[in-house]
Each structure stands twice: as C-alpha cells, then as structure tokens.
Amino acid sequence: MEWTRREFLKATAAAAAFAAAGGGVTRPGEAGATVDREGITWGKAPCRFCGTGCGVLVGVKDGRIVATKGDPAAPVNKGLNCVKGYFLSRILYGKDRLTTPLIRKGDKFEEASWDEAMELIARKFKESIAKYGPDSVAIYGSGQWTVFEGYAASKLFKGGIGTNNVEPNARLCMASAVTGFMSTFASDEPMGCYDDLDLGDTYFLWGANMAECHPVLFSRLIDNRLRNPNVRIIDIATRWTRTSQMADQYVPFRPQTDLALLNAIAHVIVKEKLYDEEFIKKHVVFKRGKEKIGYGLEEHSRLFVDDPKPMTFDEYRKFLEPYTPEHVAKLSGVPAATIVELARLYADRGRKVCSLWTMGFNQHTRGTWVNNLAYNVHLLTGKICRPGENPMSLTGQPSACGTAREVGTFTHRLPADMLVTNEEHRKKTAEIWGVPADRIPAKPSLHTTEMFRALDRGDLKVLWVQVTNPFQSAPNLNRFRKGARKGGDRFIIVSDIYPTRSTELADVILPSASWVEKTGMFGNAERRTQHWFQLVNPPGEARNDLWQTLELARRLGHGNLFPYKDVEKEMWEEYRRFGLGQGKDLAPYEAYHAARGLRWPVVDGKETRWRYAEGFDPYVKAGEQIKFYKNKKDEGRAVIWARPYEPAAEAPDPSYPFWLCTGRVLEHWHTGTMTGRVPELKRAAGDAVAELHPDDARRIGVRNGDRVKLTSRRGSLTLPCSIGGRGKSERGSVFVAFFDEAKLVNDLCLDAFCPISGEPDYKKCAVKVEKG
Ligand SMILES: Nc1nc2c(c(=O)[nH]1)N[C@H]1C(S)=C(S)[C@@H](COP(=O)(O)OP(=O)(O)OC[C@H]3O[C@@H](n4cnc5c(=O)[nH]c(N)nc54)[C@H](O)[C@@H]3O)O[C@H]1N2
Ligand SMILES: Nc1nc2c(c(=O)[nH]1)N[C@H]1C(S)=C(S)[C@@H](COP(=O)(O)OP(=O)(O)OC[C@H]3O[C@@H](n4cnc5c(=O)[nH]c(N)nc54)[C@H](O)[C@@H]3O)O[C@H]1N2
Ligand code: SF4
Ligand SMILES: [Mo]
C-alpha cells in the first residue's frame, strides 16, 4: 500500500518506457506516466481542495512534487485551475510537517514510535469499550477523507466495534443538502452535472459565493455568458462579493428570509399559472411535514425524523397564500416587483434555468426545508433533469460526495443511501462486511455537534479525529475547546499533516500522508469519481490514514474485516457491491485509472450525465421521459414540500444588534493549515478581517483597518475591520472568514442546527460591534 522509494523509482523507469511508447498520463509504473525532457514525471490527480474536483497533472522529480498544472484532458476544468490549484505543489512542503507520532506528557508532546502510539491508542479504545461500552468511542472524519479511508473507518466502527459514532465534518457542510435530496427525491446527490453550466441561460445563485469558492465552475458560467449574450446570472445573497461583482443582478436579502422568498416565488408561479401542469400531474406529489421542530439547542438532541402528510395541489396553493410578494418584501427587504420578476424569470418557458447554492442554504437552521423549497420551484416549472435546466447543490469538499455521502460515513447512514434504522439495509451491509447482522446498532448515535457536546459532558471518552480540524472549525468553539481538555477518561487522537488548533488539544498526534503521498479516490459535486495513484513518499515516518485505521483494527482484533492483499483494489470492489443495481453503480477499479473520472451511475461502462432522464439515465425506460425511480414510496415521483418561513435561532436585538456571518476567502482553504503555509497565498489574504458596511463603521467610529471588537453571547474577538474591500456587508451585518488560526471566530458561533440534518448555522448569530 505504501510505496517505498525503490518501488517508486522502478515505477518511474517503467513509466519512462511507457511514455516513450506514446502512452498517456496515468500512474508511474502501471498504465504509465509521462516523463518530460527535464526528467519530470507527470501523473494525474484531482485537486486536493474544493468539491469542484478539477483535474491536475502533478510533476514529480527526485521524489518531490515540483510542479502542478491544470489537466487539459480533465472535462471539469479543461486545463484551468484557481489560485489554490496553482499552488498545490507547495501545500505539502511547509517547514513544520509532522513527521513522527507524538504523545502528550503533561503540557508537552514527546516523540514516539508508531508501535508505542498505536499500542496506547488501542489500549485506550479497549479500556473505554470495556468500561463504558462501544458508544464511548468515536471517529470524526472528513469530506477530505479518500473513499478508502472513509469506508475503512465506517466498516471498523459500525461493523467491528459496533458503534454508530462515525461522523464526517461534512455534517457541518453538506448534511442539509443530503436531507434535502433524500426528502424530495429519495436519493442523494444532483440529477444534473457541470454541463448545465455551459448549456443553460439563467442562473440563480442563492448566497453561493462561486467566484471565490467554486472559481473554476464560475469561470465556466462566465464563459457561457461570453458565448451567449442571453445568459443572466442573478446573485441573490446576504452580502456583496466578487460573485456579485460579476453577476448581472445582485439581489440582497435579510438572512434566513430565503425561506420566505422561495415561497413567494412559488406563490407567484402558482397564482399566475406559470407552472407546468403536465409535469406536475405526472411527476410530482405534495407533502407537508412537522413544523415545530426547534433549533437543536437542547443537550442530547437527536436527529429529527419527519412525519409527512400528503396534501393536494389546492392545499399547497392555500399554504402559499400568505407569501405574497408584498408581505415577503417586508420580511426580506427584496422589493415586491423584484420578487415577481424573479418568479417570472424562473418560469419563462423560453429560458433554461439553473439554481445553485452552497452553505447559504445548508448552514441554516431550516437547511433541509430551504433545499426542499429550491426543488419546489424547479418541480413546479418542470425545469429539472434536462440539459441546462437543473437545481444544483454545490459541494464544498473534494470528497464530501464520494466519501461522506456515498460511503455514508454519518452516524445514521450506511453506503449507497442506506440507513442504520432500516433492518434490511443493516442486513445487506452486514452480509457484504461479513459481520453478524446485529453488530450494526439500529439507532443513530452522536451527530457532530452532539459529539462535541458529549465530549464536553464526559459521555464520549475516546475521539479519533482524521483529516479535519474541529477545534478551529466547530461552532460554539469556546465550549468545545474547554470540553476537550477537561481530563478524566477523555482521550483525543488527531491525525494531521501540520500542527493545528486541534493537535494542540490532542493526547496523541499522528503524522499523516496527504493527497498524492497516498493512493486515493474522491467523488466531486457532479457525481464524478476520480482516482489517483501515490506519486511521492510522505515525509519522515508520516503514514496514511487508511494504514492508521487498519492498524487500530488489527490491534483491536478486527483485522479480519480487512483481509485484502491489493488493499485499494479489493476494498473498492467490495464497496462497489453496495451501489450496483441501486442507481449508484460505480465502475470496476481499473476503469478509473486512466479516465478523468466517471459520473455515476456507470452502467455497461457508460457514465450518466443527467439522472432520472430518458436517453441519459440507464434506469429510465423508453417512454418514461422522467422518472424519479428511487422514490418508490411515491411511485417514482418527486415531492413538493410545504415548508414555512421561520425566524433564525438567534437574531439581532438591542444588546447584540448585528448579524454575524462567517465563511471563506478565495486564497485560503478552511482553517488555513495548508494554504497558510504558502507565502504567496498568505500574503494575498493574511489575517482575518471583519467586513462592515460603511454606515455602520461611521456610527461605531471606525475606519478601514481600525480594530473592532465583536462579542456574541458565547465569546468575543478583536480584529481589524474592512470597509469597501472585496466583500461588502449589508447594513447591520458583519462577515468574518474562519481561516485565521489566531482569530477563532467560531468562538462566537452558535451551535443551533437544522434538526432534520444536524447541520449548524454558521451564517447567522447576533453580535455587538465596538471599537476594538
Ligand atoms: N477558496 C475556498 N473555496 C472553498 C472552500 C474554502 O475554504 N476556500 N471551501 C469549500 C467548502 S467545504 C465549502 S462548504 C464551500 C462554501 O462555499 P460558499 O457557501 O459559497 O461560501 P461561504 O463563504 O461559506 O458562504 C458565504 C455566503 O453565505 C451566504 N449567506 C449568508 N446567510 C445566508 C442566508 O440566510 N441564506 C442564503 N441563501 N445565503 C446566505 C452569503 O451570501 C455569503 O456570501 O466552499 C468550498 N470552496
Ligand atoms: N465559522 C465557520 N465555521 C465553519 C464553516 C463556516 O462556513 N464558518 N464551514 C464548515 C464547513 S462547510 C466545513 S467543510 C468545515 C471544514 O473544517 P475542517 O475540516 O476542520 O477544516 P480543514 O482546514 O479543511 O481541516 C482539514 C485538516 O486536515 C489536515 N490534512 C490535510 N490532508 C490530510 C490528510 O491526508 N490526512 C490527515 N490526517 N490530515 C490532513 C489539514 O492540515 C487540516 O488541519 O468547516 C466548518 N466550519
Ligand atoms: S476550483 Fe477547486 S478543485 Fe479547482 S483548482 Fe480551485 S480549489 Fe482546486
Ligand atoms: Mo464545507
């Protein structure tokens, strides 16, 4: 599994021979990588960063990555990258890479051997399980896990140890998209694909800052507009960004009122009879779920399971009645005439409409609902499952789709859309895993926010963190950072590649291999599964996360769950069994070696561009046109949901008069551990700033660059303010990015979440802003 240097050199020689024979780029040594005149071997990989999943070519010389470039053969990006992609060759070479296991001794860490570290970890797991039961241990992983790493973790914890305490950071990111898809279509992930960005002409962005967060996809949109003057990009958002700058129209709205806006758009479409009656008759049912569901603020909050009731179109019409453009204008701040205009644009039969969103919808205490409401508009107008006309949920992390969602590394999930609560699903899983059917608990346990609450309370004892930095990225951070070091039987293991705000709270730190230091697979936002081979060795004694998990398995006596010789290949073939025939078909391992990814379902060697659509999706029969075949309960129809507007969990008041929104900037990746170590990126965006509206700044008495103090009910933070910079806050709002490890804005964030998805709302809480 780990390539030794000798194997690598041998492979490189073989690659050279292959290249001389005219082979394309794939892997040093097997199908062959190319070697150029300067002796650089080029292999392919998906980008390490965002869910766009750009293909890159990685140049290796003398065992080091010396260059990367956009892969012209990759359909996602056609040779293009964003600035993070261009600096990929540097992210693994920060001076302080972790290279040896470290064990805490009081306030210090001491170097240890892998054997010592793994022995200690295994002992802590065994002791905790013996004393407190399997639910006292957990693994907290990532949408940046490779498919193999996520699969192994899930199999070990659910199928071996017998606990559903498996969560990915994707709970903070894509969970509302998942529950949105599941409740509307009974199958996770988009029907459309990136081709829609080239083929449509009307693009509604709902608070998605694509110019900074999905730059290559945004450039596809802009390219479409250059070719087709009819294209309109409408940025409906709570703050002005680089995306707004490039859009044809910027529609600012008050935080949380997207629920009301989408209902008002539906209201106009229904009232003016702009809907597609035929489509609705054939493909849609109407439902209403429970409405008093709270905000997840109570301790021990479990995921809420909805209890939907069918309704008629007429009842839905009645439900929409209060959402008049005039009423919603007052709530949202969007003029009534604009709401009507947006609705007519959505419904215009001559226009191909796409909606795009990311964390504005998902990090929302009604995240599931607002995802449902976006689908409603496409279902009413029949603008779905057709080239250039689709709702498109954009994914954040490189494998939030491939690993977190498809493998199902959430507490409530199993692979291929299956649930732990379903007996048949548990049976099927146990059979493929070769474990007793009752090994997998029938109830979900701790979802992410509850996991950190449980650690603080002392209910959770042993926590292993892999490929994520929760003690910078979790909400209500003040509480959770303190909770982590309360002692007792708590024991925290963090696998990372650099020292972070999480490793500083660990008991054991494991130095890990990243990206092309190991073989991996990622699945991107358009259902494209991509593969890469290891191209360089990790530094020092760093080892990959998969090896670490398998080593724990062996030491806990669960080594029999992983009996593979050719580990990745055999694990892939086992994992693939889950999706076959389920609309989630993945191809054999080798099919991904040369391909620049394949979009599932892959049936008879062919990928699928548009799901549920005749002529594209192999599961849809001739004459069916469109079939939401995964929703068997509703006979292959999708659901239009009546979901009301509700206020945010915490809104500004006289003591805390500002909205605080948090998020990202172009140059940095999340907590900044990798991009912060590239001097060019660090220079471009150095320290976090608080973006303020000029009128608010004037009232507070600060000028651009002055320090301001933000205080919420949970914490405070002093930092320079930015007025009129690249991001501009609306009046009464302040925005701070969370990449700066010296400025933990998450101390201020509330841990309220969507009770259905469990995803916290990082976009809204109340703060006061003072001169700092
Ligand atoms: N450069 C860069 N790119 C990235 C990442 C990164 O760290 N850096 N991370 C990746 C990941 S994992 C993710 S999840 C994505 C995130 O991608 P985005 O969601 O596009 O970015 P954020 O900065 O998290 O979100 C900020 C936006 O949320 C919107 N918003 C705030 N409140 C509301 C609301 O009430 N409703 C709606 N509809 N919108 C609201 C605002 O308009 C604001 O601009 O980016 C991915 N790409
Ligand atoms: N305030 C605020 N907080 C947020 C959000 C927000 O919008 N606002 N967004 C949320 C969202 S959408 C997301 S996705 C999360 C992201 O939050 P995190 O996942 O916590 O952030 P990352 O910086 O991506 O952390 C990845 C860690 O893995 C390490 N690493 C890199 N490669 C490897 C590897 O191969 N193996 C191992 N073991 N480690 C590796 C990196 O050094 C880094 O420390 O943040 C959430 N938190
Ligand atoms: S757009 Fe995303 S995947 Fe593409 S190069 Fe930039 S960070 Fe990487
Ligand atoms: Mo994310």
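What you see is a predicted model; the values in this text were computed from it and never measured. (Residues numbered from 1 in each chain as written. Chains lettered and ligands numbered in written order. Predicted model: local features only at pLDDT ≥ 70, side-chain atom pairs only at ≥ 80, totals over all residues. Heavy atoms only, no water.)

Visitor: Just checking my understanding: could you explain the nonpolar core for this structure?
Guide: Across soluble globular proteins, you tend to see nonpolar side chains buried next to one another. Membership of the largest hydrophobic core comes to 66 residues, with the highest contact counts inside it found for Phe185, Trp206, Tyr316, Leu379, Leu380 and Phe628. A per-element tally of this core places helix 10 (residues 258–271) first, with 10 residues. Formed by 62 residues, the second largest nonpolar core is a distinct cluster that contains Ala112, Trp433, Leu510 and Tyr592. (Core = buried A, V, L, I, M, F, W, Y, C linked by side-chain atoms within 4.5 Å. Buried < 20%, exposed > 50% of the residue type's maximum accessible area, 1.4 Å probe, protein only. Helix = DSSP H or I, 4+ residues; strand = E, 2+ residues; numbered from the N terminus.)

Visitor: Please explain the environment of Ala690 as it appears in this structure.
Guide: Along the chain, the position of Ala690 falls in strand 25 (residues 690–692). On the accessibility criterion, Ala690 (0% relative accessible area) is buried. The contact partners of Ala690, leaving out residues within four places of it in the chain, are Val708, Leu710, Leu719, Pro720, Cys721, Ser722, Val734, Phe735 and Val736. (Contact = heavy atoms within 4.5 Å.)

Visitor: Explain the site of ligand 1 here, please?
Guide: Looking at ligand 1, there are 33 residues lining it, with Cys213, Asp258, Arg664, His668 and His670 nearest. One of the side-chain N or O atoms of Asp258 is found 2.7 Å from a nitrogen atom in ligand 1. Residue Lys763 places a side-chain N or O atom 2.9 Å away from an oxygen atom belonging to ligand 1. For ligand 1, the protein covers 99% of the area, taking 910 Å² as the surface of the free molecule. Mapped onto the shell around ligand 1, the elements with two or more residues apiece are helix 7 (210–213), helix 15 (359–362) and strand 24 (658–663). For the shell around ligand 1, the element with the highest residue contribution is helix 15, accounting for three residues. (Near = heavy atom within 4 Å. Polar contact = N/O pair within 3.5 Å; in protein donor to acceptor, adjacent residues only side chain to side chain. Areas by Shrake-Rupley, 256 points an atom, 1.4 Å probe, with all protein chains shown as cover.)

Visitor: What's the story with the site of ligand 2 in this structure? I'm lost.
Guide: By nearness alone, 35 residues border ligand 2, and Asn169, Asn469, Ser473, Asp496 and Thr671 come closest of all. Thr468 has a polar side-chain atom sitting 2.8 Å from an oxygen atom of ligand 2. At 3.4 Å from a nitrogen atom of ligand 2 is found a side-chain nitrogen or oxygen belonging to Ser512. Alone, ligand 2 offers 920 Å² of accessible surface; in the complex the protein occludes 100% of this. Breaking the shell around ligand 2 down by element, the ones donating at least two residues are helix 20 (470–473), strand 18 (491–496) and strand 24. For the shell around ligand 2, the per-class residue count stands at 12 nonpolar, 17 polar and six charged. (Nonpolar A, V, L, I, M, F, W, Y, C, P; charged D, E, K, R; others polar.)

Visitor: Is there a simple way to think about the domain arrangement of the protein chain in this case?
Guide: How large an interface is tends to be reported as the accessible area lost when its parts come together. Domains assigned within the protein chain are domain 1 (5–90), domain 2 (102–173 + 402–515 + 541–574), domain 3 (175–282 + 299–397) and domain 4 (658–771). Taking the mean C-alpha position of each, domain 2 and domain 4 sit 30 Å from one another. On the domain 4 side, the residues contacting the 22 residues of domain 2 number 24 residues. Together, the buried faces of domain 2 and domain 4 total about 2100 Å²; carbon and sulfur atoms form 50% of this surface. Here domain 2 and domain 4 share one salt bridge between them. (Domains from an automatic or database assignment. Buried area = accessible area lost by both parts, 1.4 Å probe. Salt bridge = Lys/Arg side-chain N within 4 Å of Asp/Glu carboxyl O.)

Visitor: Whenever I open this one, the packing of helix 4 (residues 147–161) against helix 22 (residues 545–555) confuses me. Can you help?
Guide: Two numbers describe a pair of packed helices, the interaxial angle and the distance between the axes. Two elements in contact, helix 4 and helix 22, have axes separated by 9 Å at closest approach and are oriented at 15 degrees. The angle between helix 4 and helix 22 places the two elements in the roughly parallel class. Crossing geometry of helix 4 relative to helix 22 is assigned as left-handed. Contacts from Phe148, Glu149, Ala152, Ala153 and Leu156 in helix 4 reach Asp545, Leu546, Thr549, Leu550, Leu552 and Ala553 in helix 22. Taken together, the residues of the contact of helix 4 with helix 22 break down into eight nonpolar, one polar and two charged. (Axes fitted to C-alpha atoms, helices over the stretch in contact; angles between N-to-C directions. Parallel < 35°, antiparallel > 145°, perpendicular 65-115°, else oblique. Left-handed = near helix turned anticlockwise from the far one by under 90°.)

Visitor: What is the right way to look at helix 17 (residues 400–408) in this model?
Guide: Because an α-helix completes one turn every 3.6 residues, residues spaced three or four positions apart along the sequence face the same direction. Counted residue by residue, helix 17 has nine buried out of nine residues, so it is predominantly covered. Buried residues of helix 17: Ala400, Cys401, Gly402, Thr403, Ala404, Arg405, Glu406, Val407 and Gly408, and no others. In the core, the buried residues of helix 17 are packed alongside helix 4, strand 8 (166–168), helix 5 (175–185), strand 20 (520–523) and helix 23 (567–576).

Visitor: Which parts of the structure should I look at to understand the UniProt feature "binding site: substrate" (unreviewed entry) in the protein chain?
Guide: Those residues carrying the UniProt feature "binding site: substrate" (unreviewed entry) are Phe738 in this numbering. A residue is classified by how much of its surface remains accessible, and Phe738, at 11% relative accessible area, is buried. Ignoring any residue separated from it by four or fewer positions in sequence, one finds Phe738 in contact with Gln472, Ser473, Gly663, Arg664, His670, Thr671, Val745 and Asn746. (UniProt positions renumbered as here; feature names shortened; annotations may be inferred.)

Visitor: Would you mind showing me how to read the packing of aromatic side chains here?
Guide: Pairs of aromatic rings are described using the distance from one ring centre to the other and the angle between the two planes. Counted by the stated rule, this structure contains 34 aromatic pairs. Both rings, one in Phe185 and one in Tyr612, keep their centres 6.3 Å apart while their planes meet at 20 degrees; by these two values the pair is stacked. Here the residue Phe185 occupies a position in helix 5, and Tyr612 occupies one in the loop between strand 22 (598–599) and strand 23 (638–642), the gap between them amounting to 427 residues. Ring-pair connections join several aromatic residues into one group, and the members of that group are Phe181, Phe185, Trp206, Trp357, Phe361, Tyr375, Tyr612, Tyr619, Phe628 and Tyr629. The residue whose ring lies beneath Arg239 is Phe735, and the NZ or CZ to ring-centre distance is 3.4 Å. For Arg317, the ring lying beneath its charged end belongs to Phe313, and the centroid distance is 4.9 Å. (Phe/Tyr/Trp six-rings, centres within 6.5 Å; stacked < 30°, edge-to-face > 60°. Lys NZ or Arg CZ within 6 Å of the ring centre and 35° of its normal.)

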